[in-house]
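Breakdown of the fold
Chain residues, written in single-letter form:
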Amino acid sequence: MEGRASIRYLYACAKDCPRIQTTNMGESFDSAWPNFWNERYASGETPWTLHAVPAAVRSFVKRRQRRGTTVLIPGCGTDLEVLQFFQTAGFEVTAIDFSSVAVAQTRKALRNFDGQIIRGDFFKFDFQNRFDLIYERTFLCALHPRRWPKYAKRVAQLLRPRGKLVGIFFYGKEPEPPPYPLSETGAAEIFGRCFRLIRDVKVSDSVAMFAGMERWQEWQLATPKAKGCGPRRRTTSPRR
Ligand SMILES: C[S@@+](CC[C@H](N)C(=O)[O-])C[C@H]1O[C@@H](n2cnc3c(N)ncnc32)[C@H](O)[C@@H]1O
């Protein structure tokens, strides 16, 4: 419970957090802004970081063909172990985060990393290609629920046909979000139109703040042709 109390403090506080240097009050309070995260990474106050590869990720990787499989990791933060693990297992890894501090720390720690670590906004960056997999952990729950439909649409657009959104999802009740938990009906609402849930397993190796509230899920892109579920249509003609 100590971990859960401390996360509320970390997510909510700005000027009263002694180790967090605040530059802009609005941005420091709001997890929609890079500064909110920059301040936390710079101060080392990142209780969501697991510092390990979740058992569910190991089990998933064992079950599938890896060589050449492309995986996108949005809101990668400093999840070094997972980036490295996917790469070592033969995946082509692209990771993105809009926190310059997290990206700098990750690039510095993973010097020999062959994949891409992009500093950018997941919702705006032009990836130029689509992915076989998108890996989720503690990114969705960092976004306000009003952005969840946009997240689902973006994920659907960035996946190849029959691609999958896989990862660890935060479920339950959180009196003082963020992090924002999912409910089963909420998940069905945001993912139901474009995805089909094909695996759902409880996670037992969570960090303290998420203990007992995480699930490994695999959402298969079900209807890439349905409106809003496939790749985005280009509005201009391609250059010759
Ligand atoms: C709770 S942290 C999770 C980090 C990582 N997934 C992990 O498991 O350790 C959420 C991350 O999402 C990033 N983030 C939030 N909104 C973003 C956006 N629109 N585009 C890219 N990154 C974003 C933050 O900078 C932060 O690093």
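This is a predicted model, so every value here is computed, not measured. One numbering rule holds for all chains: residues counted from 1, following each sequence as written. Reporting of local features is limited, given that this is a predicted model, to residues whose pLDDT is at least 70; pairs of side-chain atoms are given and counted only at 80 or more, and all residues count toward the totals for whole chains, interfaces and linings.

**Some details on the site of the ligand**
By nearness alone, 19 residues border the ligand, and W37, G75, G77, S99 and F122 come closest of all. The classification used treats Ala, Val, Leu, Ile, Met, Phe, Trp, Tyr, Cys and Pro as nonpolar, Asp, Glu, Lys and Arg as charged, and all other residues, Gly among them, as polar. Broken down by class, the residue content of the shell around the ligand amounts to ten nonpolar, five polar and four charged. By definition, a residue lies near a molecule or strand when the C-beta atom built from its backbone is within 6 Å of it.

**Quick look at the pairing of strand β3 (residues 116-119)**
Two elements, strand β2 (residues 92-97) and β3, share four bridges in a ladder whose sense is parallel. Its bridge partner lying in β3, A95 is registered against I117. The parallel pair β2 and β3 is bridged by helix α6 (residues 100-109), and the resulting crossover is right-handed. At least two bridges found by DSSP between two strands is the condition for calling them paired. What counts as a helix is a DSSP run of H or I of at least four residues, what counts as a strand is a run of E of at least two, and both are numbered from the N terminus. Seen with its strands pointing away from the viewer, a crossover is right-handed if its path from the first strand over the helix to the second goes clockwise.

**Description of unusual backbone geometry**
Outside of glycine, negative phi angles account for most residues, and trans bonds account for most peptide bonds. Omega for the peptide link from P177 to P178 comes to 0°, which places this bond in the cis form. As for its position among the elements, P178 is in the loop between β5 (159-170) and α8 (184-191). In this structure, P179 follows P178 across a cis peptide bond, with omega equal to 5°. Mapped onto the fold, P179 is located in the loop between β5 and α8. Phi is positive for H51, close to 60°, though the residue is something other than glycine. Topologically, H51 is positioned in the loop between α3 (34-43) and α4 (55-63). Burial in this document is a count-based property: other C-beta atoms within 10 Å of a residue's C-beta are tallied, and the residue is buried at 20 or more, exposed at 12 or fewer, or partly exposed in between, with C-beta positions derived from the backbone. Using a count of 10 C-beta atoms within 10 Å as the deciding quantity, one classes H51 as exposed. Even without being a glycine, R162 presents a positive backbone phi close to 70°. With respect to the secondary-structure elements, R162 resides in strand β5.

**What to know about the confidence of the model for the chain**
Here the chain averages 87 in pLDDT, while 81% of its residues score no lower than 70. When the criterion is pLDDT under 50, residues 1-6 qualifies, and its contacts beyond four places in sequence or with other chains add up to eight contacts. A score from 0 to 100, pLDDT tells how confident the predictor is in each residue. Placing C-beta atoms from the backbone, we regard two residues as in contact once those atoms come within 7 Å.

**Brief notes about the nonpolar core**
Defined on buried residues, the nonpolar core groups Ala, Val, Leu, Ile, Met, Phe, Trp, Tyr and Cys residues joined through C-beta atoms within 7 Å. One finds V71, I73, I134 and V155 to be the most contacted residues of the largest nonpolar core, which totals 48 residues. Ignoring sequence-local partners within four residues, the contact set of V71 consists of F86, F91, V93, F131, D132, L133 and Y135. Ranked by size, the runner-up nonpolar core spans six residues in total, among them W37, Y41, A102 and V103.

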